[in-house]
Amino acid sequence: MIENFIPPFNFNDIFIEPWTYGFESYIWIFLMGFFVNAACGLVGNFIILRRMALVGDAISHSLLPGIALAFILSSSRSTTVIVIGAISAGLLTTIFIEYIYKTSRVKADAAIGIVFSTFFAIGVILITMYADHVDLDADCVLYGEIGFIPFDERASFAGINLGPIPVVRMAGVTIVVLLLINLFYKELLVTSFDVGLANSLGINTNLFHYGLMAVLSVVIVSAFESVGAILVIAMLIFPGATASLISHRLPITLGLSLFLSILYSLIGVHLAIWLNCSIAGAMVVVAGLIFTGVWLFNPTNGLIKKMGLTRKLTK
Amino acid sequence: MIDDYREAAPLEIHDLTVAYQKKPVLYGIDLEVPKGSLVGIVGPNGAGKSTLIKTIMGLVPIGSGWIKIFGKSFKKAITRVGYVPQRESVDWDFPVNVLDVVLMGRYGRLGLLKKPSKDDKDIAMACLEKVKMSPYANRQIANLSGGQQQRVFLARALAQESDLYFMDEPFAGVDAATETAIIEILQELKNRGKTLLVVHHDLPTAKQYFDRLLLLNMRLVAFGPTEEIFTMENLQKTYGGRLTILSDVAVERNLGVKVD
Amino acid sequence: MFFQSNLHAAKIGELTETSVFEQALRFLSLKDPAVRIAVLGSIFLGINCGLLGSFIVVRKLALVGDALSHAVLPGVALGFMWNMTKDPIAIFVGATIAGLIGVTAVNLIKDTTKIKEDSVLGMVLAGFYGVGIVLLTMIQNLPFGNKSGLDKFLFGQAAALSVSDIQLIGSITLLCLIIVYFFYKEFLVISFDFSFAQSTGIPAKAFHYLLMLLLTFSVVVALQAVGVVLVSALLITPAATAYLLTDRMHRMLFLAALFGMLSGLTGAFLSFLGNDLPTGPFMVVAASSLFIAAFLFGPRYGLIPKFLKRKNQSYQIEVENTLKAIYQVLEKNNFKEEGVLFDKLAEHRNESIVDTENQINKILKMGCATLNENENSDSNYFKQKLISLTPTGWTRACEIVRNHRLWELYLTNEAQYAADHVHEDAEIIEHVLGDDTVRKLEKMLNFPTRDPHGKLIPGLKYLEDNGTHNSKSAVTQI
């Protein structure tokens, strides 16, 4: 029965056509996938180092009511309103989580679970109750609609067509993230590595903590419509985690994250064409497979290598 | 008045009380540390040695009393203070190498938006050289022994070029060679007029290493030149069991009337 | 090429279009079979999730529950592919296997790499979910795919539960109840101290995996009603609510099951009221409302009781300080006066007459003092009124003074503080010393009568013998 699910593999359809007849569509899908993965992956490196992966998870769910409210209140798709809605939802999530576990006996993990599920539930209720005002549907929340990117309105600058608006926006976000990391590299590094030292150096650790959360919220909200609330977590964590298996130097893991983003997006698009499935989902599957590959077969510290070593040692 | 020309003491603590959750507390600490002293903070486990340092560094809230560093608040004197935390306090799998960690000592001076210059790197390398770690400059920090990690921390403190240093158990779990190396550097810093407060848990070496001792067991038992302070009576007072009522009450006090 | 399915958050109330009130009546009368099934399902799920959620909350594994709930998705899809129908058993088996693989993957990655737990959970959660989405969208895009039903797993639809679903949910709930009942003490000890449990010979690992298996079962059966994304809330929130209200594990289990049930029922009810309202999100919002209520009003750990307690305490402190001041003024005159004049007290406390009056009113209200006309004074002016302590007031004043002076003595004698350094601290401590501590202090200090400044310490014994205050009793005590 299962074999019925896997469509036949046709090299021409899967690898040639997207770059010839379908070029106009697929280039944008690929670029969007790359920018989403890149922006998420870059920020994700710091999120991982701060052991806040699950706070990132929480924020990505919590943005839903922020976005929905922004839609309802502004009744237009004003970018500013949506970004403000997203940043406030993201910061509120962080503040609520910290408030709950600092003032009560509930531990951090449970606090995260409670806050994000509440926000997400409210978001789902809002988008179903105000479906007329909210240009979001459940599909979009669950796995995004990156496939519709080519049909989006085009952005143009001085008469030059730059491409679909979401792609241009995401590219902008990626560039801003790169710029911020470049400008505040040393503060991000030291606040992540040793809060005590950062304090003693006079660095405002709270500012960087909440600043990072705000940037994270902006990145996620820009990626939201393309990949949904949950797959975005994979894009936050997989690049940094995979890179950390390969290198122990932060500049290199950041660079590797960018490279991995290209792979995820490129292979993901082709996989989705072959299997006729969600493109964002396929990108995550690729991310998972690459991680598994590196984890098992990495020549320096892969699992297989390690198991071989222990066998040799116990012999 | 001569006093007007003299700089304020590196560290002055008045009637400091700290109680947080159910951890060690400090009770009514009064202290003035003169410039150029190498002070060993000695006391039994749970005496509040680390708490004292963390409170001075602003990492633990003050219950009551005040602390002044060179006559100013900690925030204002921040560039003059260097800190060496306990080794376990950081994640040694963090993706940085030895030189990166030492360079972090320079960040406070650099301020926002500036990148470490060639000079900063030279200073960091010189500090690594001082702790005999320069051959390891490019090594990932996870691949260091305990003693080497401690030397890296020390090099980072040196790179801060501070006037007042706080070190939390720099001798914990290090090899004999590292211990000697560290104490030599501490002596040298002291001779250059720096002030150092070092948490230490080994009594016999404490007498040898430090020119002043601060005997602590929740309250300040004694503080002064080692030869005066290192008496049987003082040590018995310090190690003579915990003042259980003091710690009980500190908890009650913290839960009951919180002094924010 | 581009697919779109009509995936709406699920809802119960597509039955009729009547008023909210009629809908409510309909729900409460349990007339509709769909309502009966939804109610039954919600009750079972609430109990189930509350029970198992309690263990993961106390073990700080809450987000393992979250990762698990996402990890089952590929299993659901594969179970569906088994024979292209929504066969509860096939889906149950597939989801359980996927969930267990997810949990194992978390442990494996954590043990063999340096990646921290939070990232591992995130990867497994989102990675498995990605696989699930790929499979689900593949099914949806098949020409012969049975498109109804599967999307319900994402947001849940209590009304879509079938009788066979309910049978499955019921048996899983029963199984969990039985296992938790019989192995309660084993689960308790592995939750509290895993290595201790191992040292006592309990097969701790086996019980851990049993718990994970039961957890997977609960997640899988809850999926249809609540959905993949929100099922973890049903595990975590009711248990965390219970955790705020009790200190005993068995009570926590009971409360968590109760709250889970309540949330489930409320969610089902609310989603029935409107026409377009999803079930799962309402259950979660109901559970969160209970949590917020417990967070704010819980008698032991609630914010508001804590706040009131603190406020009450500062009121107490003010009263005690007034009583102490009266004692001190009396003491100045060697207890020769029957009472204290208003202006003398104000002078002693270095505050305005108005402030003193406010404070005195507080102790008058508590019956700690009476206000008398001063015989020696010509004027009736209130400044000249005499404040006399009642027996209760006198005893409390003595207690506070005793606490203060005992503590000063303790700090100087036992903790070797300088005598001029102890007053400030004693000012705070005097209000928090409990009877037990006072007795311990007295014993340790050998029932002292004088504080470091040479003043009298009113003793406990004395307090018990003399309820009334007069110059004689105080002086004879000296």
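The paragraphs below set out a description of the structure included in this document. Since we're looking at a predicted model, the values are computed, not measured. (Residues numbered from 1 in each chain as written. Chains lettered and ligands numbered in written order. Predicted model: local features only at pLDDT ≥ 70, side-chain atom pairs only at ≥ 80, totals over all residues. Heavy atoms only, no water.)

Some thoughts on the overall build of chain A
Helix and strand counts for chain A come out as 13 helices and two strands. Counting the 315 residues in chain A, one finds 60% classified as buried. Nonlocal contacts in chain A, meaning residues at least 24 apart in sequence, comprise 71% of its contacts between residues at least 6 apart. (Helix = DSSP H or I, 4+ residues; strand = E, 2+ residues; numbered from the N terminus. Buried < 20%, exposed > 50% of the residue type's maximum accessible area, 1.4 Å probe, protein only. Contact = heavy atoms within 4.5 Å.)

Observations concerning helix α6 (residues 176-191) of chain B
All names here are of chain B. For α6, spanning 16 residues, the distance from its first C-alpha to its last is 23 Å, which sits close to the expected 22 Å at 1.5 Å a residue. Of all the residues in α6, the buried ones are T178, E179, A181, I182, I183, I185, L186, L189 and K190. At the C-terminal side of α6, G193 shows a positive phi close to 90 degrees. (Expected span 1.5 Å × (residues − 1).)

Some thoughts on the interface of chain A and chain B
Across the boundary between the two partners, chain A contributes 22 residues, which contact 31 residues of chain B. Both faces combined, the contact of chain A with chain B buries some 2400 Å², and carbon together with sulfur accounts for 67% of it. Contact with chain B buries surface across chain A, with A:K186, A:F193 and A:L201 losing the most and accounting together for 31% of the total. Our count for the contact surface shared by chain A and chain B stands at three salt bridges. The partner of A:R249 in a salt bridge is B:D100, and the shortest N-O contact between them spans 2.3 Å. Our enumeration of links across chain A and chain B arrives at five residue pairs in polar contact (both at pLDDT 80 or more). (Buried area = accessible area lost by both parts, 1.4 Å probe. Salt bridge = Lys/Arg side-chain N within 4 Å of Asp/Glu carboxyl O. Polar contact = N/O pair within 3.5 Å; in protein donor to acceptor, adjacent residues only side chain to side chain.)

Some remarks on the interface of chain A and chain C
Across the contact, 66 residues belong to chain A and 69 residues belong to chain C. At the boundary of chain A with chain C, total buried surface from both sides reaches about 6000 Å², with 76% on carbon and sulfur atoms. Counting every contact that joins chain A to chain C gives one salt bridge. Between C:D247 and A:R105 there is a salt bridge whose closest N-O contact spans 2.9 Å. Applying the counting criterion to the chain A and chain C interface returns 13 residue pairs in polar contact (both at pLDDT 80 or more). At the level of secondary structure, the elements contributing two or more residues to the side of chain A that touches chain C comprise α2 (23-49), α3 (53-74), α4 (79-103), α5 (108-129), α6 (138-143), α10 (205-246), α12 (279-297) and α13 (303-314) of chain A. Looking at which element gives the most residues to the side of chain A that touches chain C, the answer is α5(A), with 15 residues. Class assignment for the residues of the side of chain A that touches chain C results in 43 nonpolar, 14 polar and nine charged. (Nonpolar A, V, L, I, M, F, W, Y, C, P; charged D, E, K, R; others polar.)

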